[in-house]
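As a plain string of letters, each chain reads:
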Amino acid sequence: MRYFLLLIIIINLYSIELQKPKIYDKQKHEIKNWLMSEKLDGIRAYWDGKNLYTKNRNKIYAPIWFLKDFPKFELDGELWTKRDDFENIQNIVLDKTPSLKWKKITYNIFEVPNAKGNFEERLLIIKNYLDKNPNNYIKIIPQIICKNQEHLERYLEELINKKAEGIIIKNPNINYFYGRSDEILKVKKFQDDEGLVIGHNYKDKKFKSLKVKLENKVVFNLGGGFSDKERLNPPKIGDIVTFKYYGFTKNDKPKFASFLRVRKEE
């Protein structure tokens with residue numbers, strides 16, 4: 001647990017201060033006329049005008065040919081290929097020796113950090129740049145005006161059926177801001193989190209589940225979501241794993257938790 005807490009402290013200390021969404025609550029949030037877009041399941045990347053970095057301030061070693069026509073101003077977006085392809089994206093983007101596989105990657109923009117104006121005015125800056133400087137590797141994530149709760153739910157269902165992760169919905173009327181805020185929200189069918197693998201559970205010499213410790217010190221067994229191949233070679237002690245779940249039990253343990261992937265350090 002000390003290792004996990006130390007890792008979180010280090011990540012927070014060196015991470016780049018960007019916008020972070022809260023979880024949408026239909027009882028609390030009024031989202032009519034906000035802008036909604038698909039939440040891409042890739043590697044978030046910050047462009048400072050010269051280099052690409054992960055959200056934890058680690059340099060991304062993108063090929064020179066990938067970056068050569070990028071603008072001199074800041075960008076925030078997702079390095080992505082297609083839906084349901086996270087492990088492939090992770091392997092390509094986090095490799096310190098860039099390969100030709102980067103030709104499959106696009107940089108999908110959802111914000112222009114520190115630019116003046118409201119959300120639409122900020123996005124217009126990168127749109128105008130791309131109109132004058134076409135780039136096959138930079139795309140702007142389409143934004144849709146949300147009419148009401150029903151529209152939001154219908155759009156979410158449409159995306160989930162296409163194996164998308166979910167929706168980001170954002171107040172378009174405010175200036176750029178840092179940190180986590182109710183002005184930007186993520187909408188999913190399920191929640192996800194990360195935990196530290198601290199042990200393995202076996203039955204009849206066969207892998208049954210991982211013993212996982214969360215940041216809040218809650219320990220639970222994660223047994224769902226593993227393929228036959230993963231059960232033969234489960235995540236190692238010390239790995240950070242990502243899992244999905246649907247609420248919590250009375251003991252604050254994730255309910256119906258299911259393994260998604262081992263999370264590489266970004």
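Model, not experiment: these values are computed from the prediction. (Residues numbered from 1 in each chain as written. Predicted model: local features only at pLDDT ≥ 70, side-chain atom pairs only at ≥ 80, totals over all residues. Heavy atoms only, no water.)

Caption draft 1: Spatial organisation of the sheet that holds strand β2 (residues 35–39). Reading across the sheet, the 5 strands line up as β1-β11-β10-β2-β9 and stay open at both edges, with mixed pairing between neighbours. Here the strands that pair on one side only, and so sit at the sheet edges, are β1 (19–23) and β9 (144–145). The strands that helix α5 (residues 149–161) touches are β2, β9, β10 (166–170) and β11 (179–187); relative to β10, the one it contacts most, it runs at about 145 degrees. (Pairing = 2+ DSSP bridges. Helix = DSSP H or I, 4+ residues; strand = E, 2+ residues; numbered from the N terminus. Contact = heavy atoms within 4.5 Å. Axes fitted to C-alpha atoms, helices over the stretch in contact; angles between N-to-C directions.)

Caption draft 2: Molecular detail of the pairing of strand β14 (residues 219–222). The two faces of β14 differ: F220 and L222 on one face are buried, but V219 and N221 on the other face are not. Pairing geometry for strand β13 (residues 206–213) and β14, over 4 bridges, is antiparallel. Residue pairing in the sheet places K213 in a bridge with V219 of β14. Count of turn residues in the β13/β14 antiparallel hairpin: 5 residues, of which K217 carries a positive phi of about 80 degrees. (Buried < 20%, exposed > 50% of the residue type's maximum accessible area, 1.4 Å probe, protein only.)

Caption draft 3: Highlighting the nonpolar core. L52, F66, L79, V93, W102, I105 and Y107 are the most contacted members of the largest nonpolar core, which totals 29 residues. Ranked by residues supplied to this core, first place goes to helix α3 (residues 86–93) with 4 residues. (Core = buried A, V, L, I, M, F, W, Y, C linked by side-chain atoms within 4.5 Å.)

Caption draft 4: How the structure looks around the environment of K28. Residue placement: K28 occurs in the loop between β1 and β2. Placed 151 residues apart in sequence, K28 and G179 show a C-alpha to C-alpha distance of 20 Å.

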